[in-house]
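Remarks on the overall topology
Spelled out, the chains give:
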Amino acid sequence: MSTQVTLIPGDGIGPSIANATVKILAAAGAEIEWDRQVAGMAGVARFGDPIPDATLDSIKRTKLALKGPLETPVGEGYRSINVALRKTFDLYANVRPAYSIIPGGRYHDLDIVLIRENTEGLYVGVEHYIRVGDDPRAAAESIAIITRGGSERIVRYAFDYAVKHHRKKVTLVHKANILKFSQGLFLDTGRMVARDYAGQIEFEERIVDAMAMNLVLHPERFDVIVTTNLFGDILSDQISGLVGGLGLAPGANIGINGAIFEAVHGTAPDIAGKGVANPGAVVLAACMLLDHIGDEARAQRIRTALETTIREGKTVTRDLGGSASTDQFTDAIIAKL
Ligand code: NAI
């Protein structure tokens, strides 16, 4: 039976790389029925809303979405797309895998998955200015909210992910030496959860500043990393950089009420419409979606076809050092399936 998935092609290079992905999945025989919906500027153009109700309703029904990059419209009154999606579907786990594909890079042997808490911390939006004398903005306060429940579910997600994907170690990253309450609660809760997996998955703790250095010096020592919202935002981009940048970086946002898979990069306005965008990140995001629905073997087959095409280096897009168009790269991957 085919699985229904909401497809949001997105803006800029989005439609061309989304179409390439649909073509590759079809060639691999994936039984997916796409429900095409719009968001971002395409949503504004059609419905005057960057996250139209029809799109939200579709995801509520399918509980699964593959999303191309979206241009965030600047201006009054527009809803933030990511906030709306995160809130509506309680997408608490942001999963960002990164592994070495491109030959000749600085690191050959990386295979790291960063799991970022997506709903709490400094990103809850509790901020205000404080007036001192006649200066209404003399000081500013941003409040980081960490809960035991939120910490427990994200650390447990990381351990369950490690078990399911046959990984060995979870590294919890924190700053509890300074932020003794909020980060302390995250660390204490993480230690408690880790006990449930003792003997099965190794557990270690790292302070975020030391972690940043260690990721550059010895990234091969890390396996699954779990951390709070802001640290996860920063470290996940750092890890993408270790394996060659955002062009091949997928991400998943997993929640109680749905799961949304996407490329980490943006709409690439500088190359939009030129037919040269690299579809790799959306293809890898679609592979995460296949893993999520239990079609792991097919996901692995597609990953292998993509990796082989990149390693051969004959038919790859410009950002990967070649001169192929999106379509030629896509066809080369399909030929390898
Ligand atoms: P960007 O990721 O779109 O582009 C940065 C650079 O990477 C550009 O030189 C671009 O050509 C290149 N690039 C990105 N993806 C590529 C691909 N698949 N193939 C080849 N080259 C690629 O970031 P930028 O320019 O900061 O943002 C542009 C727009 O995208 C903004 O409107 C921003 O709000 C939006 N954006 C959306 C995201 C999302 O929906 N998840 C994430 C990041 C940005």
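What counts and what doesn't
Residues numbered from 1 in each chain as written. Predicted model: local features only at pLDDT ≥ 70, side-chain atom pairs only at ≥ 80, totals over all residues. Heavy atoms only, no water. Helix = DSSP H or I, 4+ residues; strand = E, 2+ residues; numbered from the N terminus. Rg over C-alpha atoms; globule rule 2.2 N^0.38 Å. Contact = heavy atoms within 4.5 Å. Domains from an automatic or database assignment. Buried area = accessible area lost by both parts, 1.4 Å probe. Salt bridge = Lys/Arg side-chain N within 4 Å of Asp/Glu carboxyl O. Polar contact = N/O pair within 3.5 Å; in protein donor to acceptor, adjacent residues only side chain to side chain. Nonpolar A, V, L, I, M, F, W, Y, C, P; charged D, E, K, R; others polar. Near = heavy atom within 4 Å. Areas by Shrake-Rupley, 256 points an atom, 1.4 Å probe, with all protein chains shown as cover. Buried < 20%, exposed > 50% of the residue type's maximum accessible area, 1.4 Å probe, protein only. Pairing = 2+ DSSP bridges. Phe/Tyr/Trp six-rings, centres within 6.5 Å; stacked < 30°, edge-to-face > 60°. Lys NZ or Arg CZ within 6 Å of the ring centre and 35° of its normal. Axes fitted to C-alpha atoms, helices over the stretch in contact; angles between N-to-C directions. Parallel < 35°, antiparallel > 145°, perpendicular 65-115°, else oblique. Left-handed = near helix turned anticlockwise from the far one by under 90°.

**A few points about the overall build of the chain**
- Each helix and strand in the chain was counted, giving eleven helices and twelve strands.
- Its C-alpha atoms give the chain a radius of gyration of 20 Å, within 12% of the compact-globule value 20 Å for 337 residues.
- The principal-axis extent of the C-alpha atoms belonging to the chain is close to 60 × 50 × 40 Å.
- Contacts in the chain between residues far apart in sequence, at least 24 positions, make up 72% of those at least 6 positions apart.

**Section: the domain arrangement of the chain**
- By domain assignment, the chain separates into domain 1 (1-89 + 258-337) and domain 2 (98-224).
- Tallying the contact residues gives nine residues for domain 1 and seven residues for domain 2.
- Approximately 770 Å² of surface area, both sides summed, lies buried where domain 1 meets domain 2, with 57% of it carried by carbon and sulfur atoms.
- Remark: the boundary between domain 1 and domain 2 carries zero salt bridges.
- The interface formed by domain 1 and domain 2 contains two residue pairs in polar contact (both at pLDDT 80 or more).
- Contributing elements (two or more residues each) for the side of domain 1 that touches domain 2: helix H9 (280-292) and helix H10 (296-312).
- Ranked by residues supplied to the side of domain 1 that touches domain 2, first place goes to H10 with five residues.
- Among the residues forming the side of domain 1 that touches domain 2, the class breakdown is three nonpolar, no polar and six charged.

**Re the site of the ligand**
- Around the ligand, the structure places 18 residues, and the nearest of them are Leu70, Gly266, Ala268, Asp270 and Asn278.
- Within the backbone of Leu70, an N or O atom sits 2.8 Å from an oxygen atom of the ligand.
- For the ligand, a nitrogen atom lies 3.2 Å from a polar atom in the side chain of His265.
- Relative to its free-state accessible area of 810 Å², the ligand is covered by the protein chains to the extent of 62%.

**Description of the pairing of strand S12 (residues 259-263)**
- In terms of burial, S12 is a largely internal element, five of the five residues being buried.
- Both faces of S12 are covered, namely the face carrying Ala259, Phe261 and Ala263 and the face carrying Ile260 and Glu262.
- Strand direction decides the pairing type here: strand S3 (residues 64-67) and S12, joined by four bridges, are parallel. In the sheet register, Lys67 faces S12, and the bridge partner there is Glu262.
- Relative to S12, strand S11 (residues 250-254) is paired through five bridges, and the arrangement is antiparallel. Looking at the pairing, Pro250 lines up with Ala263 of S12.
- Count of turn residues in the S11/S12 antiparallel hairpin: four residues.

**A closer look at the packing of aromatic side chains**
- Scanning all chains against the criterion turns up four aromatic pairs.
- Among the aromatic residues, ring-to-ring pairing joins Tyr92, Tyr157 and Tyr161 into one connected group.
- One Lys or Arg, Arg116, reaches over the ring of Tyr123 and ends 5.3 Å from the middle of that ring.

**As for the packing of H10 against helix H11 (residues 326-336)**
- Following both chains from N to C, one finds H10 and H11 inclined at 120°, their axes separated by 8 Å at the closest point. If you check the angle between H10 and H11, you find them oblique. Note that H10 runs across H11; the crossing there is right-handed. In this structure, H10 uses Ala305, Leu306, Thr308, Thr309, Ile310 and Glu312 to contact H11, whose residues at the interface are Phe329, Ala332, Ile333 and Lys336.

**Considerations on unusual backbone geometry**
- One non-glycine residue, Lys63, adopts positive backbone phi at about 60°.
- Tracing the backbone through its elements, the reader meets Lys63 in the loop between helix H3 (53-62) and S3.
- Of note, the phi angle at His166 is positive, near 55°, even though the residue is not glycine.
- Checked against the element boundaries, His166 lands in the loop between helix H5 (148-164) and strand S8 (169-174).

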